[in-house]
Amino acid sequence: MVVNLSLQSKVEIKSNQAVRKIVLAGNWKMHKTQVESLEFVQKFKSEIENTEEGREIVLCAPFTSLSVMSKNLHGSRIQLGAQNIHWEDKGAYTGEISGDMLTEIGISYVVVGHSERRQYFGETDQTVNLRLKSAQKHGITPILCVGETKEQRDTGATEKIIINQLKEDLIDIDQSNLVIAYEPIWAIGTGDTCESIEANRVIGVIRQQLKNKNVSIQYGGSVKPNNIDEIMTQSEIDGVLVGGASLEPASFARIANYKIS
Ligand code: 13P
């Protein structure tokens, strides 16, 4: 069998105390009522009964579903994630959610800096940085999203954009409680997945920028059951952040149960 050396070292690292954790996260965005969320969970639980230990499975659900899901998932291996967190603990911030509100219901992860928040809701690197700090202050692991637009890629600016996002977003951030997701914007919801080798290369560039080389770095953007195996064979890729394909239990379960040949 031909073994890719860099892959071999990743596998060794992973079996050896799991230095770089594998995190497979579904980002439901603005999908699913409470009833629909519970229906999903009921089916999904049985589909991941035999999922390899050591793979962290996370569902980032809408705020309205989190509390009821948290009760339902008590004692299961599924972790819950939110899709936003404010930097203050309380106050006059209509529409926002605080860290205390999330920890009270057992939230372990929160998506921060997603391109949809940056594009539609005025999220900046400065507010991303504040939200990351707030998550960490509350013991929640932030999943920081970075990525370039199609135009930035086409003009050769991918690395510059991402390096700059990381520089601004990670000011005074503890890199021991952090997940990063590389989400090229042109690959989100388009079916136009970034080639896994290219995603691996960019994630390598991201890792070079970090003080802690063991931060788990995910790929996100049109991840599907039919491309997950190839994505996860890449040496730098430690998991995925999945939108559309996380909405169906069987599809997200296939992703969680990815196979490396
Ligand atoms: P899709 O998987 O639907 O492309 O969405 C990716 C994403 O934005 C996850 O945060």
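Residues numbered from 1 in each chain as written. Predicted model: local features only at pLDDT ≥ 70, side-chain atom pairs only at ≥ 80, totals over all residues. Heavy atoms only, no water.

(A) Molecular detail of the pairing of strand 4 (residues 109-112). Burial along strand 4 is two-sided: Y109 and V111 facing one way and V110 and V112 facing the other are all buried. Both strand 3 (residues 78-82) and strand 4 contribute to a ladder of two bridges, which runs parallel. Counted as the bridge partner of G81 is Y109 from strand 4. Note that the unit made of strand 3, helix 4 (residues 99-104) and strand 4 has a crossover that is right-handed. Note that strand 4 and strand 5 (residues 141-146) share four bridges and pair parallel. If you follow V112 over to strand 5, its bridge partner there is L144. (Buried < 20%, exposed > 50% of the residue type's maximum accessible area, 1.4 Å probe, protein only. Helix = DSSP H or I, 4+ residues; strand = E, 2+ residues; numbered from the N terminus. Pairing = 2+ DSSP bridges. Right-handed = clockwise from strand over helix to strand, strands pointing away.)

(B) Focus on the nonpolar core. In this structure, L59, L170, I180, I206, Y219 and V240 are the most contacted members of the largest nonpolar core, which totals 59 residues. Excluding residues that lie within four positions of it along the chain, Y219 makes contacts with Y182, P184, A187, T193, C194, A199, I203, I231, I237, G239, V240 and L241. Listed in part, the 11 residues of the second largest apolar core include V58, C60, V111 and I143. (Core = buried A, V, L, I, M, F, W, Y, C linked by side-chain atoms within 4.5 Å. Contact = heavy atoms within 4.5 Å.)

(C) Focus on the site of the ligand. Neighbouring the ligand are 13 residues; K29, H114, G189, S222 and G244 lie closest to it. In this structure, G243 approaches the ligand through a main-chain N or O atom, which is 2.9 Å from an oxygen atom. Contact between the ligand and G244: an oxygen atom at 2.8 Å from a main-chain N or O atom of the residue. Computed on the free molecule, the ligand has an accessible area of 310 Å², of which 97% lies beneath the protein chains in the complex. Of the residues contributing to the shell around the ligand, the split by class is four nonpolar, seven polar and two charged. (Near = heavy atom within 4 Å. Polar contact = N/O pair within 3.5 Å; in protein donor to acceptor, adjacent residues only side chain to side chain. Areas by Shrake-Rupley, 256 points an atom, 1.4 Å probe, with all protein chains shown as cover. Nonpolar A, V, L, I, M, F, W, Y, C, P; charged D, E, K, R; others polar.)

(D) Up close: the packing of aromatic side chains. All chains considered together, the criterion is met by five aromatic pairs. When the centroid spacing of 6.4 Å and the interplanar angle of 90° are considered together, the rings of Y120 and F121 count as edge-to-face. The residues Y120 and F121 share a single accessibility class, namely exposed. Among the aromatic side chains, those forming a connected cluster through ring pairs are W28, F40, F44 and F252. (Phe/Tyr/Trp six-rings, centres within 6.5 Å; stacked < 30°, edge-to-face > 60°.)

(E) Just the environment of V202, in detail. Tracing the sequence through the fold places V202 in helix 9 (residues 196-209). Relative accessible area serves as the criterion here: at 3%, V202 is assigned to the buried category. Counting along the chain gives 34 residues from V202 to E236, while the straight-line C-alpha distance between them is 9.1 Å. With near-sequence residues (within four places) excluded, V202 lies in contact with R153, I162 and Y182.

(F) Focus on the side chain of S70. Its location among the elements puts S70 in helix 3 (residues 63-72). Looking at S70, its side chain comes within polar contact range of the main-chain oxygen of I105, at 2.6 Å. Not counting residues up to four positions away in its chain, the partners in contact with S70 are L80 and I105.

(G) Structural context of the pairing of strand 1 (residues 22-27). Most of strand 1 sits out of view: six of its six residues are buried. Across six bridges, strand 1 lies against strand 2 (residues 55-60) in parallel orientation. Its bridge partner being in strand 2, L24 is matched across the sheet by I57.

(H) Quick peek at the environment of E53. With respect to the element layout, E53 can be found in the loop between helix 2 (34-47) and strand 2. Accessibility expressed as a relative area gives 76% for E53, which makes it exposed. Residues E53 and D172 lie 119 residues apart in sequence; the distance between their C-alpha atoms is 32 Å.

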